[in-house]
Protein chains: 2
Amino acid sequence: MAATIKDVAQASGVHVSTVSRTFSAPHLVNPETRNRVLAAAEDLGYRPNRAARALTTGRTHNLGLIVADISNPFFPPLIKAAQAHARTRDYYVFVADTDEDPQVEEELIKAFTKQVDGLLLCSPRLSNRTIERLRAEVPFVVVNREVKGMPTVLMDVGQGARLAIEHLAGLGHRRIALISGPSGSWTSKQMREAAAATSGVDLVFLGPNAPTEQGGLAAAAEVTASGATGVLAYNDLVAMGLIEGLHERGVRVPADVSVVGVDDIVPGRLSRPKLTTVAMPAAAAGRMAVDLLLQSVGDGGTATLATLATSLVVRESTGPAPL
Amino acid sequence: MAATIKDVAQASGVHVSTVSRTFSAPHLVNPETRNRVLAAAEDLGYRPNRAARALTTGRTHNLGLIVADISNPFFPPLIKAAQAHARTRDYYVFVADTDEDPQVEEELIKAFTKQVDGLLLCSPRLSNRTIERLRAEVPFVVVNREVKGMPTVLMDVGQGARLAIEHLAGLGHRRIALISGPSGSWTSKQMREAAAATSGVDLVFLGPNAPTEQGGLAAAAEVTASGATGVLAYNDLVAMGLIEGLHERGVRVPADVSVVGVDDIVPGRLSRPKLTTVAMPAAAAGRMAVDLLLQSVGDGGTATLATLATSLVVRESTGPAPL
DNA sequence: ATGAAAGCGCTAACAC
DNA sequence: GTGTTAGCGCTTTCAT
């Protein structure tokens with residue numbers, strides 16, 4: 001059995017409360033006793049039981065992060081940034097993957113409840129109603145989706161989509177296809193609306209599609225059939241899959257069709273052709289989300305909305321429209 | 001405040017122990033009372049506090065999974081498989097990323113302690129000695145590394161490396177470069193030893209290298225300088241970076257040099273040329289690790305060693321040696 | 001500066 | 001079948 005506070009108290013000849021103080025309010029205890037306690041603790045390999053501590057304090061100093069698909073390269077930078085940032089605030093973040101399953105997502109939220117002080121919901125697949133209901137159990141901040149009355153971190157894909165389409169239009173493309181993601185996706189909706197607001201180009205909407213390489217691969221046929229020479233894909237994974245699919249059909253990128261992705265994931269920077277993309281500030285979003293969450297944990301939940309700007313990174317997958 | 005067991009007891013006119021039983025041993029309570037309790041619980045939105053429960057039972061029904069770099073595509077399938085498998089056993093797994101930092105790794109282990117029943121250490125960067133010491137605090141199973149006296153899941157990279165080199169040799173390559181990973185890597189060592197045991201080829205050892213695309217990119221110069229026409233890279237990421245670096249120098253793959261990776265990550269299946277690679281059974285390893293951990297949690301820790309076979313997947317990045 | 005005692009939410013004997 | 005009583009490991013008044 002691991003040593004408990006009692007063992008340390010006994011070994012150092014003081015009462016448990018003194019041991020407790022030594023760890024949570026060292027300044028309140030006589031340096032001499034403190035050293036004795038510390039020595040005994042060291043000796044026994046004692047570490048405070050965080051779960052037990054949480055039971056009395058109501059604070060676990062843990063944060064949970066729930067993500068739909070950990071294998072999407074978009075998330076790791078967000079996760080890492082969140083973890084690193086939380087650490088500076090003396091918090092740990094534990095991650096769980098829902099595998100895109102709303103039911104699993106709900107279960108995970110419940111499993112996390114009471115073991116964390118708050119939850120980061122990244123691109124949640126749950127309905128707004130469910131999210132609002134679950135909210136009573138544990139503080140949330142939602143990333144990449146708008147849920148009213150809740151702290152939220154958004155990345156301005158609408159702006160990014162606009163940039164991308166202007167870039168394509170500037171290159172002479174007159175017919176542009178938009179490949180959307182999963183049907184309920186907030187991001188897709190934003191992109192669609194932003195695209196619809198631009199003028200001077202012919203828009204065709206394709207999808208819905210799986211937000212993966214497979215989804216992009218599958219969309220290749222539709223794209224060629226659409227007659228579009230420019231494509232804005234739901235995300236980089238889709239864009240890369242699409243490029244592959246186009247390649248298989250003998251369509252060259254960017255000579256025949258230009259494609260731009262969204263996210264700016266690492267593989268897109270190393271693929272051939274290197275992907276032109278709307279860069280999402282994933283790391284900044286992770287940090288911001290932690291900040292909002294900690295703040296909301298502290299004050300009981302102000303519904304701040306943070307919107308982060310996006311930018312366009314032009315690389316090799318876009319070029320002049322064919323004549 | 002969320003409802004506690006006491007509230008439910010009060011609301012349903014029974015004692016807390018009865019409420020407790022309705023949740024942890026329903027068959028021991030009269031169906032009638034049970035329903036009354038359940039109704040009250042439902043009504044108050046009560047859910048047992050898992051942390052408090054753990055305090056008395058000693059079982060959290062959580063598992064922790066610690067990984068060096070969550071952005072390496074090798075891990076997500078392992079993580080997902082572990083999670084899914086654990087769920088069937090009524091366990092949840094929470095993930096943390098050490099960012100390749102041993103110090104962070106140790107901190108995370110300590111943070112997890114007492115909040116999980118056991119830990120999955122994937123490709124740990126800690127020294128064996130530290131791992132053995134920390135082991136007293138929480139049960140481990142180690143994946144992708146040999147630590148004596150501890151439950152371990154290994155993938156037989158040695159065998160895979162042999163396969164890869166034979167494949168290359170069969171293609172006529174006489175000079176083969178081996179790009180190793182981080183200096184302390186167990187995997188690198190296995191590969192090196194297996195390679196050294198093969199005959200009939202000229203081996204050159206390159207590295208150590210970062211286990212990432214950047215590492216591969218950086219190794220391109222060494223590879224061309226080495227005069228090798230065949231390369232076995234530490235992992236797929238390195239292989240892909242290398243191919244990119246080779247491409248930048250005008251070296252064609254596989255026409256001029258053949259490269260094989262290790263892992264069989266998804267991006268490698270979609271890159272150009274599609275990567276020939278040693279497939280690691282990541283999902284199976286995840287499931288196996290959970291099994292071993294749960295078993296070791298149950299019986300106090302038998303040090304089973306599971307070694308999973310690897311195989312060679314030949315795709316497009318390898319071809320006949322140039323004349 | 002330290003001790004005593006109550007209690008966080010829950011389970012687990014042990015009675016009845 | 002259900003209530004009673006401890007107690008898990010820790011923090012936190014309140015005394016002293």
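Residues numbered from 1 in each chain as written. Chains lettered and ligands numbered in written order. Predicted model: local features only at pLDDT ≥ 70, side-chain atom pairs only at ≥ 80, totals over all residues. Heavy atoms only, no water.

## Digging into the overall build of chain A
Now for step 1: Secondary structure assignment for chain A yields 13 helices and 12 strands.
Now for step 2: The C-alpha atoms of chain A give 25 Å as radius of gyration, which overshoots the globular expectation for 323 residues (20 Å, by more than 25%).
Now for step 3: Of all 323 residues assigned to chain A, the portion counted as buried reaches 55%.
Now for step 4: Considering only intrachain contacts with a sequence separation of at least 6, the fraction spanning at least 24 residues in chain A is 68%. (Helix = DSSP H or I, 4+ residues; strand = E, 2+ residues; numbered from the N terminus. Rg over C-alpha atoms; globule rule 2.2 N^0.38 Å. Buried < 20%, exposed > 50% of the residue type's maximum accessible area, 1.4 Å probe, protein only. Contact = heavy atoms within 4.5 Å.)

## Here's the deal with the nonpolar core
For soluble globular proteins, the rule of thumb is that nonpolar side chains tend to be buried together.
Now for step 1: Formed by 120 residues in total, the largest nonpolar core has its most connected members in Leu65 and Leu232 of chain A together with Leu65, Leu232, Leu246 and Val259 of chain B.
Now for step 2: Residues contacting Leu65 of chain A, with those up to four places away along its chain left out, are Leu78, Ile79, Ala82, Val93, Phe94, Val95, Ala96, Phe112, Leu120 and Cys122 of chain A.
Now for step 3: In terms of nonpolar packing, the next biggest core, distinct from the first, is built from 40 residues, Ile109 and Leu119 of chain A together with Leu121 and Val142 of chain B among them. (Core = buried A, V, L, I, M, F, W, Y, C linked by side-chain atoms within 4.5 Å.)

## So, the protein's contact with DNA strand C
Now for step 1: In the vicinity of DNA strand C, 27 residues are found, and the nearest of them are Arg21 and Thr33 of chain A together with Ile5, Ser20 and Arg53 of chain B.
Now for step 2: Sugar plus phosphate, as a fraction of atoms of DNA strand C within 4 Å of the protein: 66%.
Now for step 3: With respect to DNA strand C, the side chain of His15 of chain A contributes an N or O atom lying 2.7 Å from a phosphate oxygen.
Now for step 4: A distance of 2.9 Å separates a phosphate oxygen of DNA strand C from a polar side-chain atom of Tyr46 of chain B.
Now for step 5: For the surface near DNA strand C, the elements supplying multiple residues, two or more each, are helix H2 (16–24) and helix H4 (50–57) of chain A together with helix H1 (5–12), helix H2 (16–24) and helix H4 (50–57) of chain B. (Near = heavy atom within 4 Å. Polar contact = N/O pair within 3.5 Å; in protein donor to acceptor, adjacent residues only side chain to side chain.)

## Things to note about the relation of the copies chain B and chain A
Now for step 1: Of the transformation superimposing chain B on chain A, the axial component is 0.0 Å and the angular component is 180 degrees, with the fit at an RMSD of 0.1 Å. Taken together, the rotation and translation describe the operation of a two-fold axis. No C-alpha of chain B approaches the rotation axis more nearly than that of Val95 of chain B, which lies at 2.4 Å.
Now for step 2: A shared interface surface links the copies, since 100% of the contact residues of chain B are contact residues in chain A too. (Least-squares fit on C-alpha atoms with pLDDT ≥ 70 in both.)

## Quick word on the pairing of strand S9 (residues 258–263) of chain B
Residues and elements named next belong to chain B.
Now for step 1: For S9, a buried count of six out of six residues is recorded, marking the element as mostly surrounded by other parts of the structure.
Now for step 2: Burial along S9 is two-sided: Ser258, Val260 and Val262 and Val259, Gly261 and Asp263, pointing in opposite directions, are all buried.
Now for step 3: Pairing between strand S8 (residues 230–233) and S9: three bridges, direction parallel. Note that in S9 the partner of Val231 across the bridge is Val259.
Now for step 4: With helix H11 (residues 236–248) bridging S8 and its parallel neighbour S9, the resulting β-α-β unit is right-handed.
Now for step 5: Here S9 pairs with strand S10 (residues 276–279) via four bridges, running parallel. Residue Val260 lies in a different strand from S10, and its bridge partner there is Thr276. (Pairing = 2+ DSSP bridges. Right-handed = clockwise from strand over helix to strand, strands pointing away.)

## Side note on the pattern of salt bridges
Now for step 1: Applying the stated criterion across every chain yields a total of 31 salt bridges over all chains.
Now for step 2: For Arg133 of chain B, the salt bridge is made with Glu106 of chain B, and the minimal N-O distance between the two is 3.4 Å. Of this pair, Arg133 of chain B sits in helix H7 (residues 128–134) while Glu106 of chain B sits in helix H6 (residues 102–112); the two residues are 27 residues apart in sequence, bridging distant segments of the chain.
Now for step 3: Connected through shared salt-bridge partners, Asp69, Asp97 and Asp99 of chain A together with Lys80 of chain B make up one network. (Salt bridge = Lys/Arg side-chain N within 4 Å of Asp/Glu carboxyl O.)

## Observations regarding the interface of chain B and chain A
Now for step 1: Counting from both sides, the interface comprises 43 residues of chain B and, opposite them, 45 residues of chain A.
Now for step 2: Carbon and sulfur atoms supply 56% of the area buried between chain B and chain A, which totals about 4200 Å² over both sides.
Now for step 3: Together, Lys80, Leu270 and Arg272 of chain B form the three largest contributors to the area buried by chain B at its contact with chain A, with a combined 16%.
Now for step 4: At the junction of chain B and chain A, the tally comes to 13 salt bridges.
Now for step 5: Residue Arg272 of chain B is joined to Glu244 of chain A by a salt bridge in which the shortest nitrogen-to-oxygen separation is 3.0 Å.
Now for step 6: The tally of links from chain B across to chain A stands at 21 residue pairs in polar contact (both at pLDDT 80 or more).
Now for step 7: Those elements giving two or more residues to the side of chain B that touches chain A turn out to be H4, helix H5 (75–88), strand S2 (92–97), H6, H11 and helix H12 (266–270) of chain B. (Buried area = accessible area lost by both parts, 1.4 Å probe.)

## Notes on the UniProt feature "domain: HTH lacI-type" (unreviewed entry) in chain A
Now for step 1: Using the residue numbers shown here, the UniProt feature "domain: HTH lacI-type" (unreviewed entry) corresponds to residues 3–57 of chain A.
Now for step 2: Between the end C-alpha atoms of residues 3–57 of chain A the distance is 21 Å, and the span holds 71% helix and 0% strand. (UniProt positions renumbered as here; feature names shortened; annotations may be inferred.)

## Points about the pairing of strand S5 (residues 152–155) of chain B
All names here are of chain B.
Now for step 1: Residues Thr152 and Leu154 point to one face of S5 and Val153 and Met155 to the other, with burial holding for every one of them.
Now for step 2: By the bridge criterion, two bridges tie strand S4 (residues 140–143) to S5 in an arrangement that is parallel. Within the sheet, the bridge partner assigned to Val142 lies in S5 and is Thr152.
Now for step 3: Bridge count between S5 and strand S11 (residues 305–308): four bridges; the pairing is parallel. In the strand pairing of S11, Thr152 is matched with Leu305.

## What to know about the sheet that holds strand S6 (residues 175–179) of chain A
Residues and elements named next belong to chain A.
Now for step 1: If you trace the six strands from one edge of the open sheet to the other, you get S7-S6-S8-S9-S10-S12, paired in mixed fashion. Only two strands of the sheet have a single partner each, and these edge strands are strand S7 (202–206) and strand S12 (311–313). The mean inter-strand angle of the sheet, taken between neighbouring strand axes irrespective of direction, is 20 degrees.
Now for step 2: In this structure, S6 lies alongside S7, joined through five bridges in parallel fashion. Bridging across to S7, Ile179 finds its partner in Leu206.
Now for step 3: Where helix H8 (residues 157–170) meets the sheet, its contacts fall on S6, strand S8 (230–233), strand S9 (258–263), strand S10 (276–279) and S12, and the angle it forms with S8 comes to roughly 165 degrees.
Now for step 4: Sheet contacts for helix H10 (residues 213–226): S6, S7 and S8; angle to S6, the most-contacted strand, approximately 160 degrees. (Axes fitted to C-alpha atoms, helices over the stretch in contact; angles between N-to-C directions.)

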